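Okay, here's what each chain looks like letter by letter:
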Amino acid sequence: MGERAVKIALVGNPNSGKTTLFNHLTGSNQYVGNWPGVTVEKKEGRIRQAERYGYDITLVDLPGIYSLSPYSMEEIVARDYVTKEKPDAVINIVDATNIERNLYLSVQLIEMERPMVIALNMMDEVYAKGDVIHVEELSRRLNIPVIPITAKTGEGVPRLVEAAVSQIERGFIMEPDDLYDDFTHEIHHRIDNLVWQQAKNAGLPVHWTSIKMLEGDQQLRGVLGLPDETLRKIDEIAHEYEASSALGDRETMVADSRYKYIERVVGASVVKAKLGKRTLSEKIDAVVTHRFFALPIFLCVMFLIFTLTFSTIGAWLQDGVAWLISGKFSPWLREWMTSLGAQTWMTSLVVDGAVSGVGGVLSFLPQIAILFCLLSSNLISNSLCFIITILQ
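Parameters and conventions
Residues numbered from 1 in each chain as written. Predicted model: local features only at pLDDT ≥ 70, side-chain atom pairs only at ≥ 80, totals over all residues. Heavy atoms only, no water. Pairing = 2+ DSSP bridges. Helix = DSSP H or I, 4+ residues; strand = E, 2+ residues; numbered from the N terminus. Expected span 1.5 Å × (residues − 1). Buried < 20%, exposed > 50% of the residue type's maximum accessible area, 1.4 Å probe, protein only. Patch = residues over 30% accessible without salt bridge, like charges linked within 9 Å, V, L, I, M, F, W, Y side chains within 5 Å. Areas by Shrake-Rupley, 256 points an atom, 1.4 Å probe, with all protein chains shown as cover. Salt bridge = Lys/Arg side-chain N within 4 Å of Asp/Glu carboxyl O. Axes fitted to C-alpha atoms, helices over the stretch in contact; angles between N-to-C directions. Parallel < 35°, antiparallel > 145°, perpendicular 65-115°, else oblique. Left-handed = near helix turned anticlockwise from the far one by under 90°. Contact = heavy atoms within 4.5 Å. Core = buried A, V, L, I, M, F, W, Y, C linked by side-chain atoms within 4.5 Å.

### Notes on the pairing of strand β1 (residues 4–12)
- By the bridge criterion, seven bridges tie β1 to strand β4 (residues 55–61) in an arrangement that is parallel. Counterpart to Arg4 in the pairing with β4 is Tyr55.

Structure (structure tokens):
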């Protein structure tokens with residue numbers, strides 16, 4: 001009997017290492033298309049050697065997003081997949097070097113009550129900075145497993161998949177009790193009582209539905225098909241909520257409550273290194289983005305690129321190509337055509353016209369190639385790394 005087929009959704013902020021993790025887990029066992037009806041890339045792949053976990057696992061790479069609010073097509077695709085397709089588990093990849101910002105999406109995913117695990121990525125950079133993340137405390141406060149990984153090297157990735165499989169078997173999770181302040185809890189529980197039946201009919205988590213209604217999610221209002229009287233009561237509750245704070249906007253107030261929770265979680269589980277201990281990358285950034293040094297460095301780099309391209313190496317290669325075509329190939333071709341008895345006009349058309357014209361264009365090819373190589377390579381950044389390393 002074959003392994004049970006399951007799907008795991010991979011969700012995270014842009015530049016959190018999501019693609020690196022996806023490629024590491026799936027290798028060549030992946031295919032790319034578009035989500036039905038929208039021009040947003042859809043990537044799926046089967047996890048290599050998934051049989052060791054007892055499942056046939058398909059990994060679905062959702063678009064990189066910062067939140068689950070329906071303000072972009074990527075956000076709509078991601079949240080529709082989690083709420084409608086109901087993946088067997090969610091892996092939320094978090095950039096450990098920007099943990100507070102990344103956890104906002106994590107909190108929203110927790111509200112969706114799916115089996116979930118957090119992949120705390122870029123731990124090598126955390127160690128290099130001297131920061132300390134108490135992973136067990138972070139996991140306890142979020143009420144979900146948190147697995148430290150380094151996606152680019154694969155460190156911790158097998159344990160991550162094991163944790164995701166374990167969550168599939170455990171079932172869905174509940175949001176932490178202190179996710180919202182007491183008043184926000186009271187308000188969204190009052191909305192619970194108004195929308196629970198329609199939420200269940202739509203196959204949506206009741207608590208997530210009520211908090212989105214409190215935020216004023218217009219798309220969800222249309223999906224639920226609530227009676228006008230119910231919508232009126234929800235708006236009255238929301239206005240009461242808005243009147244309780246100087247912020248005066250329901251969505252801002254909910255976001256503020258989430259961020260206060262995140263601050264408490266990070267404050268209890270993350271210890272930042274003392275100021276002054278910076279990574280090599282940060283030292284380079286401090287130099288090349290300096291308010292006084294940045295422009296001179298940029299001009300020097302551009303001068304170096306154009307010197308290499310048009311004055312030294314590029315000019316030598318251009319002269320070499322021109323010599324090969326005009327000094328070697330054209331005379332040989334003229335003699336060969338004359339020996340075959342070709343007419344003078346034909347020889348002139350081929351040699352003086354076609355070959356000389358094409359040769360004039362080809363002589364610029366080395367310069368163009370050098371320019372593109374310099375612009376797309378890491379030559380400059382590697383040079384800066386070397387210089388700053390010497391100066392340390």
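### With respect to helix α3 (residues 99–110)
- Here α3 is 12 residues long and its end C-alpha atoms lie 16 Å apart, about the 16 Å a rise of 1.5 Å per residue gives.
- Counting buried residues in α3 gives 10 out of 12 residues, a clear majority hidden from the surface.
- Where α3 is concerned, the buried positions are Ile99, Asn102, Leu103, Tyr104, Leu105, Ser106, Val107, Gln108, Leu109 and Ile110.

### Section: a nonpolar patch on the surface
- Taken together, Phe329, Trp332, Trp336 and Leu340 make up a surface patch of nonpolar side chains, about 470 Å² in accessible area.
- Along the chain, the position of Trp336 falls in helix α14 (residues 313–339).
- Residue class for Trp336 comes out partly exposed when judged on its relative accessible area of 43%.

### Focus: the pattern of salt bridges
- Inspection of every chain in the model, using the stated rule, returns 23 salt bridges.
- With a shortest N-O distance of 4.0 Å, Lys7 and Glu44 are connected by a salt bridge. Of this pair, Lys7 sits in strand β1 while Glu44 is found in strand β3 (residues 41–46), placing the two residues 37 residues apart along the sequence.
- The class for Lys7 is partly exposed, based on a relative accessible area of 35%.
- A salt bridge links Glu229 to Arg232; the shortest N-O distance between them is 2.2 Å. Taken together, the positions of Glu229 and Arg232, both in helix α10 (residues 228–243) and three residues apart, correspond to about one turn of that helix.
- Looking at Glu229, the relative accessible area reads 40%, which means it is partly exposed.
- Ionic contacts of the salt-bridge type, sharing partners, join the residues Glu111, Lys212, Glu215 and Arg258 into one network.

### Comments concerning the packing of α14 against helix α15 (residues 344–362)
- Between α14 and α15, whose axes approach to 10 Å, the crossing angle comes to 165°. With respect to each other, α14 and α15 are oriented roughly antiparallel. Crossing of α14 over α15 shows right-handed handedness. The residues of α15 that touch α14, namely those facing Val321, Ile325, Phe329, Ser330, Leu333, Arg334 and Met337, are Met346, Thr347, Val350, Val351, Asp352, Val355, Gly359 and Leu362.

### A few points about the nonpolar core
- Among the nonpolar cores identified, the biggest contains 58 residues, and Ile99, Leu120, Ile133, Leu138 and Leu142 are the most heavily contacted of them.
- Formed by 27 residues, the second largest nonpolar core is a distinct cluster that contains Phe22, Ile57, Ala151 and Val165.

Nothing here speaks to function; it is all geometry.
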